[in-house]
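# Fold and contact review
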Amino acid sequence: MIIRPAMGCLAVLSMVLAPSAAFAQNINITRSVLPDQPYTLSYPDTMEASGGVDKPLTINHTNAPLQCNMSFVPVDDSGWTPEGALASLVDADLEAGWSETFPGFLMGAKGTTAYQSDAALIYEGTSTDSPMGIPLTIVHTETVANGLGYTLDCLFDTTMAEQARPIVDFIIANFSTEADAECCVGVTTELTPAATQ
């Protein structure tokens, strides 16, 4: 499965700008209502969910530029694995694809990570010339389970990485491709730093 960047400007423009992103004490859980598209998404209660069913599920932080989008994608490779996907990544192709929406997108670290239910591919990059007028960090994850392709993309203001990244890591680690998953698990990610150019 090769995932092409599918993030649109309209989704990004719905982010709210504010000075800080505080990690909440309470957790919201959104589960699939469709038996053929199972998932569980856990996130801090400072984020609100919208969409879902026939659209990407979007969660936005209520007072900071932080957004995550979960969607289903077609699977054209029955033997897909995160390790195989990682080995076949071409940074230049990904940069070109993401740059269509986020000008100046540059690849950063890449590797594999663990959702609560499955192993996943993960990579990140930055856009210094985003449509929001702020530098954005984009963290992309994907996996295949239940015959479905899942993507979970999170975007946040790069200057707020210290506050936003723990929230993003929590959301990714607790995402499940099962509809009956429980919260909460720790964070385990193995990333390879981007090659210096």
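Data block above holds the structure.
Only a predicted model underlies this, so the values are computations on that prediction, with no experimental measurement involved. (Residues numbered from 1 in each chain as written. Predicted model: local features only at pLDDT ≥ 70, side-chain atom pairs only at ≥ 80, totals over all residues. Heavy atoms only, no water.)

Another point: the pattern of salt bridges. Following the criterion strictly, the structure yields four salt bridges and no others. Note that Glu182 is salt-bridged to Arg31, the shortest N-O span being 3.9 Å. Pair noted here: Glu182 is in the loop between helix 4 (161–174) and strand 10 (189–192) and Arg31 is in strand 1 (residues 27–31), with a separation of 151 residues, a long-range link. With a shortest N-O distance of 2.8 Å, Asp169 and Arg165 are connected by a salt bridge. Placement of the pair is Asp169 and Arg165 together in helix 4, with a separation of four residues, close to one helical turn. Residue classification places Arg165 among the buried residues on the basis of a relative accessible area of 17%. (Salt bridge = Lys/Arg side-chain N within 4 Å of Asp/Glu carboxyl O. Helix = DSSP H or I, 4+ residues; strand = E, 2+ residues; numbered from the N terminus. Buried < 20%, exposed > 50% of the residue type's maximum accessible area, 1.4 Å probe, protein only.)

Ranked by internal contacts, the top residues of the largest apolar core, which has 26 residues, are Leu41, Leu152, Ile171 and Phe175. Among the secondary structure elements, those contributing two or more residues to this core are strand 2 (40–44), strand 4 (57–61), strand 5 (66–73), strand 7 (119–127), strand 8 (136–145), strand 9 (148–157) and helix 4. By residue number, the principal contributor to this core is helix 4, which donates six residues. Residues in contact with Phe175, not counting those within four places in the same chain, are Tyr39, Thr40, Leu41, Met70, Tyr115, Gln116, Ser117, Tyr150 and Leu152. Of all hydrophobic cores here, the second largest spans 15 residues; its members include Ala85, Leu89, Leu94 and Ile134. (Core = buried A, V, L, I, M, F, W, Y, C linked by side-chain atoms within 4.5 Å. Contact = heavy atoms within 4.5 Å.)

A separate point is helix 4. Between its terminal C-alpha atoms helix 4 stretches 19 Å, which fits the 20 Å expected from 14 residues at 1.5 Å a residue. Among the residues of helix 4, Ala164, Arg165, Ile167, Val168, Phe170, Ile171, Ile172, Ala173 and Asn174 are the ones counted as buried. (Expected span 1.5 Å × (residues − 1).)

Most of strand 9 is tucked away, with 10 of its 10 residues classed as buried. Note that strand 5 and strand 9 share eight bridges and pair antiparallel. Residue pairing across strands places Met70 opposite Leu152, the latter belonging to strand 9. Pairing geometry for strand 8 and strand 9, over 10 bridges, is antiparallel. Paired with Val139 across the two strands is Cys154, which belongs to strand 9. (Pairing = 2+ DSSP bridges.)

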